[in-house]
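Close look at the chain arrangement
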Amino acid sequence: QVQLVESGGGLVQPGGSLRLSCAASGNIFTLNDMGWYRQAPGKQRELVARITSSGTTTYGDPVKGRFSISRDNAKNTATLQMNTLKPEDTAVYYCNVQCQTWPHLELGDYWGPGTQVTVSA
């Protein structure tokens, strides 16, 4: 199976920055898209940012120009740099990966446990 370990959440003041990291491990044959989603209380889970294995990125409209996603293919990690944070960015952030796994090379969709980001004065 695939394990995702997220780190970097916490409490930050408005206008501040945080960096989230996601490390994927396990029976990974190929690691395709990696991304971050978030869910605030009472709201649906939404896309924050995604990155393909070749580096093409996609961002949710609320974070464009403020957040940046990158990945290290050698380490199977993805990093989300969040700048100019706003109170409305408060949510649980989830790492998501799509990958093929040994031994049957099945394509699967995996989620991390989530990390809390709180933006408050």
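Refer to the structure presented above.
What this report covers is the structure whose coordinates are included nearby. (Residues numbered from 1 in each chain as written. Predicted model: local features only at pLDDT ≥ 70, side-chain atom pairs only at ≥ 80, totals over all residues. Heavy atoms only, no water.)

1. Points about the overall build of the protein chain
- Counting its secondary structure elements, the protein chain contains zero helices and 11 strands.
- Sequence-ordered secondary structure for the protein chain, helices as α and strands as β, is β-β-β-β-β-β-β-β-β-β-β.
- On C-alpha atoms alone, the protein chain measures out to a radius of gyration of 14 Å, which is about the 14 Å that the 2.2 N^0.38 rule sets for 121 residues.
- Its C-alpha atoms give the protein chain principal-axis dimensions of roughly 50 × 25 × 20 Å.
- Within the span of the protein chain, comprising 121 residues, buried residues form 39% of the whole.
- Sequence-distant contacts in the protein chain: of pairs separated by 6 or more residues, those separated by 24 or more amount to 56%.
- Of the roughly 6400 Å² of accessible surface on the protein chain, a fraction of 49% belongs to carbon and sulfur atoms. (Helix = DSSP H or I, 4+ residues; strand = E, 2+ residues; numbered from the N terminus. Rg over C-alpha atoms; globule rule 2.2 N^0.38 Å. Buried < 20%, exposed > 50% of the residue type's maximum accessible area, 1.4 Å probe, protein only. Contact = heavy atoms within 4.5 Å. Areas by Shrake-Rupley, 256 points an atom, 1.4 Å probe, with all protein chains shown as cover.)

2. Some details on the pattern of salt bridges
- Considering all chains together, one arrives at five salt bridges under this definition.
- One salt bridge connects Arg-50 with Asp-33, and the closest N-O pair in it is separated by 3.7 Å. Of the two residues, Arg-50 sits in strand β5 (residues 46-51) while Asp-33 sits in strand β4 (residues 28-39), which places them 17 residues apart along the sequence.
- Through salt bridges with shared partners, a single ionic network connects Arg-38, Glu-46, Arg-66 and Asp-89. (Salt bridge = Lys/Arg side-chain N within 4 Å of Asp/Glu carboxyl O.)

3. Here we look at the sheet that holds strand β3 (residues 18-26)
- With respect to topology, four strands assemble into an open sheet ordered β1-β3-β8-β7, the strand pairing being antiparallel. On the outer flanks of this sheet lie β1 (2-7) and β7 (67-72), each paired with one strand and no other. Between one strand axis and the next, the sheet turns by 15 degrees as a mean value, whatever way the strands run.
- Bridge count for β1 against β3 is six bridges, and the pairing is antiparallel. In the sheet register, Leu-4 faces β3, and the bridge partner there is Ala-24. (Pairing = 2+ DSSP bridges. Axes fitted to C-alpha atoms, helices over the stretch in contact; angles between N-to-C directions.)

4. Remarks on a nonpolar patch on the surface
- A contiguous nonpolar patch, built from Phe-29, Trp-102 and Leu-105 and spanning about 300 Å² of accessible area, is present on the exposed surface.
- Within the fold, Leu-105 resides in the loop between β9 (91-101) and β10 (106-111).
- The class of Leu-105 is partly exposed, set by a relative accessible area of 33%. (Patch = residues over 30% accessible without salt bridge, like charges linked within 9 Å, V, L, I, M, F, W, Y side chains within 5 Å.)

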